[in-house]
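Fold and contact review
If you want the building blocks of each chain, they are given just below.
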Amino acid sequence: MERISLSNSAFEGDNNAYLFSDGSETVLIDTGDWMATTREQLEAALADRRLGFDDVDRIFLTHWHHDHCGLAGEIQAESGAEVYVHADDAALVEGDEDAWDEMYDRQKRYFAEWGMPEPKQEVLLEHMADGETTVETPTVTAFEDGDTFSFDDTELEVVHTSGHAAGLSMFEADLDGGRAVFSGDALLPVYTPNVGGADVRVEQPLAKYLRALQGIVDADYDRAWPGHRDPIDDPADRARHIIDHHEERSWRVLDALDRKGPCDTWTVSADLFGDLEGIHILHGPGESYAHLEHLERAGTVVREDTEYRLADGVSDELAATDGERWELEY
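These numbers were taken from a predicted model, which means no experiment stands behind them. (Residues numbered from 1 in each chain as written. Predicted model: local features only at pLDDT ≥ 70, side-chain atom pairs only at ≥ 80, totals over all residues. Heavy atoms only, no water.)

1. Focus: the overall build of the protein
Formally: The secondary structure listing takes helices from DSSP runs of H or I that are at least 4 residues long and strands from runs of E that are at least 2 residues long, numbered from the N terminus. Just to be clear, the radius of gyration here is over C-alpha atoms, and the globule rule we use is 2.2 Å times residues to the power 0.38. Whether two residues are in contact is decided by their heavy atoms: any pair within 4.5 Å suffices. Each accessible area is a Shrake-Rupley estimate made with a 1.4 Å probe; only the visible protein chains count as cover when residues are assessed. In summary, the charge assignment counts Lys and Arg as positive and Asp and Glu as negative, without counting His or the chain termini. By convention, charge coordinates are those of NZ in Lys, CZ in Arg, CG in Asp, or CD in Glu.
Across its full length, the protein holds eleven helices and 14 strands. Expected size for 330 residues packed as a compact globule is a radius of gyration near 20 Å; at 21 Å, the protein falls within 12% of this value. Considering only C-alpha atoms, the protein reaches an extent of 65 × 45 × 30 Å along its principal axes. Excluding contacts between residues fewer than 6 apart, the proportion of contacts in the protein whose partners are at least 24 apart in sequence is 67%. Roughly 14,400 Å² of accessible area belongs to the protein as shown, and the carbon and sulfur atoms make up 41% of that amount. Across the protein, 25 positive and 75 negative side-chain charges occur, with their mean positions spaced 4 Å apart.

Below, the structure written as structure tokens:
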């Protein structure tokens, strides 16, 4: 297995595509985005190994986001490669118009529900339109959690890790004498993957993502190969760190509600993240919503129409802690 680093202007850092080419099949995990620079980089990396797009036999996608599946259609058009993705993301990867219309409609409903100002909505919609692509989309084969795929001496096992995206999946494999995982955006070495905004189709996004992180802790992998940046040598420790990060963020949400009183998601987001531009206009309130929804189900926060407030007695409990925090229920 070889890691191919591909440029990406997003804050997560360079994308990774993973190449298996020592046996009878040539296999990729993720392809990077559809930009010309990325295409040139991937073509050059394959050419260094005396390969081309037309040599690729199979492509496994971690999820539907364009920076992971952008070139799958072009590669498939040249090689006839079979493209695999989780069933929850299959329609989006294939470019199904109904699925995309449903996504856009749901986003707009959430923008209004979150209290996103109209000018910010316009900026965000323009930003997302700039990122749309007309490149060829692939025909996909859908998989489910627990499915396994074998090629040469490698077996990949699917681990569904919904949260950041509905169909986000990792692939477990035995590599270099240890148990490794290709973690996509479920586990990143620097940033914490956005939940709530990155895929508004996901119900209870924070709860699902926390369960996925706990699964990574329990699996105790020897190494994670993420969708961006460098490999992670202690995946369980990184997963625990992200769990702690989300508990800290929930405390910040409670503090914002305690100081500001009843308010909408956009107001909480502004308190947490300040003024937002570009795709962060989606990610900031999306993440705030994920935490507010999680705290509401835990009974710590009450929602009234589009506003949230602390449940009765919680403000007094916050004051009584004198800076010491009780463990939030996850």
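2. Overview of the packing of helix 8 (residues 235–260) against helix 10 (residues 280–297)
Test applied: Between N-to-C directions, angles span 0 to 180 degrees; the directions come from axes that are lines fitted to C-alpha atoms, helices contributing only their stretch in contact. Here the word oblique covers every angle except those under 35 degrees (roughly parallel), over 145 (roughly antiparallel) and from 65 to 115 (roughly perpendicular). Ten residue types, Ala, Val, Leu, Ile, Met, Phe, Trp, Tyr, Cys and Pro, are classed as nonpolar, four, Asp, Glu, Lys and Arg, as charged, and the remainder, Gly among them, as polar.
Relative to each other, helix 8 and helix 10 sit at 85°, their axes nearing to 10 Å. What the angle tells us is that helix 8 and helix 10 run roughly perpendicular. Every residue of helix 10 that contacts helix 8 at His-245, His-246, Arg-249, Ser-250, Val-253, Leu-254 and Leu-257 is listed here: Glu-287, His-291, Leu-292 and Leu-295. Looking at the contact of helix 8 with helix 10 residue by residue, the class counts come to five nonpolar, four polar and two charged.

3. Overview of helix 3 (residues 72–79)
Where we set the bar: Partly exposed describes any residue whose relative accessible area lies between the buried limit of under 20% and the exposed limit of over 50%, with all areas from a 1.4 Å probe on protein chains only and scaled to the type maximum.
When we look at burial in helix 3, the residues that qualify are Ala-72, Gly-73, Glu-74, Ile-75 and Gln-76. Buried-residue contacts for helix 3 involve strand 3 (27–29), helix 1 (36–48), strand 4 (58–60), helix 2 (66–69) and strand 5 (82–86). Phi for Gly-80, located one or two positions after helix 3, is positive at around 75°.

4. Description of the domain arrangement of the protein
The following threshold applies: An automatic or database domain assignment is the source of the domain bounds shown. By buried area we mean how much accessible surface two parts lose on assembly, using a 1.4 Å probe and totalling the loss over both. One side-chain nitrogen of Lys or Arg within 4 Å of one carboxyl oxygen of Asp or Glu is enough to make a salt bridge. For the purposes of these results, a polar contact is taken to be a pair of N or O atoms within 3.5 Å, where, inside protein, one atom must be able to donate a hydrogen and its partner to accept one; residues adjacent in sequence count only when each atom of the pair is a side-chain atom.
Domain boundaries in the protein define domain 1 (2–95 + 133–239) and domain 2 (246–320). The C-alpha centroid of domain 2 is placed 32 Å from the C-alpha centroid of domain 1. With 13 residues of domain 1 in contact, the opposing surface of domain 2 contributes eleven residues. Summing the contributions of domain 1 and of domain 2, the shared interface buries around 1,100 Å²; its carbon and sulfur component is 65%. At the junction of domain 1 and domain 2, the tally comes to zero salt bridges. The interface formed by domain 1 and domain 2 holds three residue pairs in polar contact (both at pLDDT 80 or more) in total. Of the residues that constitute the side of domain 1 that touches domain 2, the class distribution is nine nonpolar, four polar and no charged.

5. Structural notes on the pairing of strand 11 (residues 223–226)
Operational definition: For two strands to pair, DSSP has to find at least two bridges joining them.
Across four bridges, the pairing between strand 10 (residues 178–184) and strand 11 is parallel. If you follow Val-181 over to strand 11, its bridge partner there is Ala-224.

6. Topic: the nonpolar core
This is how it is decided: Working definition of a nonpolar core: buried Ala, Val, Leu, Ile, Met, Phe, Trp, Tyr and Cys residues. They are joined through side-chain atoms within 4.5 Å.
The biggest cluster of nonpolar side chains holds 77 residues, and the ones touching the most others in it are Ile-59 and Leu-257. Both of domain 1 (2–95 + 133–239) and domain 2 (246–320) provide at least three residues apiece to this core. Ignoring anything within four residues of it in the chain, the contact list for Ile-59 reads Leu-28, Thr-31, Ala-72, Ile-75, Ala-81, Glu-82, Val-83 and Tyr-84. Formed by 17 residues, the second largest nonpolar core is a distinct cluster that contains Phe-143, Phe-171, Ala-173 and Leu-175.

7. Digging into the side chain of His-228
Looking at the element boundaries, His-228 is found in the loop between strand 11 and helix 8. Engagement of the side chain of His-228 in a polar contact is seen with the side chain of Asp-67, the distance being 3.5 Å. Sequence-distant contacts of His-228, that is, excluding residues within four places in its chain, are made with Asn-8, Glu-12, Gly-13, Asp-14, Asn-15, Asn-16, Asp-67, His-68, Asp-185, Leu-188 and Pro-189.

8. Let's talk about the packing of aromatic side chains
Convention followed: Two rings belonging to Phe, Tyr or Trp (six-membered ring only in the last case) form a pair when the distance between their centres is within 6.5 Å. Interplanar angles under 30 degrees mark stacking, angles over 60 mark edge-to-face geometry, and anything in between is tilted.
Summed over the entire model, instances satisfying the criterion amount to 17 aromatic pairs. Aromatic ring contacts, followed pair by pair, group Tyr-18, Phe-20, Phe-60, Tyr-84, Phe-143, Phe-149, Phe-151, Phe-171, Phe-182 and Trp-225 into a single cluster.

9. As for the pattern of salt bridges
Summed over all chains, the structure comprises 21 salt bridges. Because the salt bridges share partners, they merge into one network encompassing Glu-157, Glu-172, Asp-174 and Arg-179.

10. What about the packing of helix 5 (residues 97–114) against helix 10?
Across the interface, helix 5 lies against helix 10 with an axial gap of 11 Å and an inter-helix angle of 70°. Judged on the interaxial angle alone, helix 10 and helix 5 are roughly perpendicular. In contact with Gln-107, Tyr-110, Phe-111, Glu-113 and Trp-114 of helix 5, helix 10 contributes Leu-282, Pro-285, Gly-286 and Tyr-289. Split by residue class, the contact of helix 5 with helix 10 holds six nonpolar, two polar and one charged.

11. A few points about the side chain of Gln-107
Mapped onto the elements, Gln-107 comes out in helix 5. Apart from the residues lying within four places of it in its own chain, the contact partners of Gln-107 are Met-128, Val-200 and Leu-282.

12. Re the environment of Tyr-308
For Tyr-308, the position within the fold is in strand 14 (residues 307–310). With a relative accessible area of 2%, Tyr-308 lands in the buried category. For the pair formed by Tyr-308 and Pro-262, sequence separation is 46 residues and the distance between their alpha carbons is 5.2 Å. Those residues in contact with Tyr-308 that sit more than four places away from it in its chain are Leu-257, Gly-261, Pro-262, Cys-263, Thr-265, Tyr-289, Leu-292, Glu-296, Val-301, Val-302 and Arg-303.

13. Considering the sheet that holds strand 7 (residues 148–151)
What the five strands build is an open sheet, ordered 7-8-9-10-11; its pairing is mixed. Looking at which strands have only one partner, the edges of the open sheet turn out to be strand 7 and strand 11. Sheet twist, expressed as the average angle between the axes of neighbouring strands with direction ignored, equals 25°.

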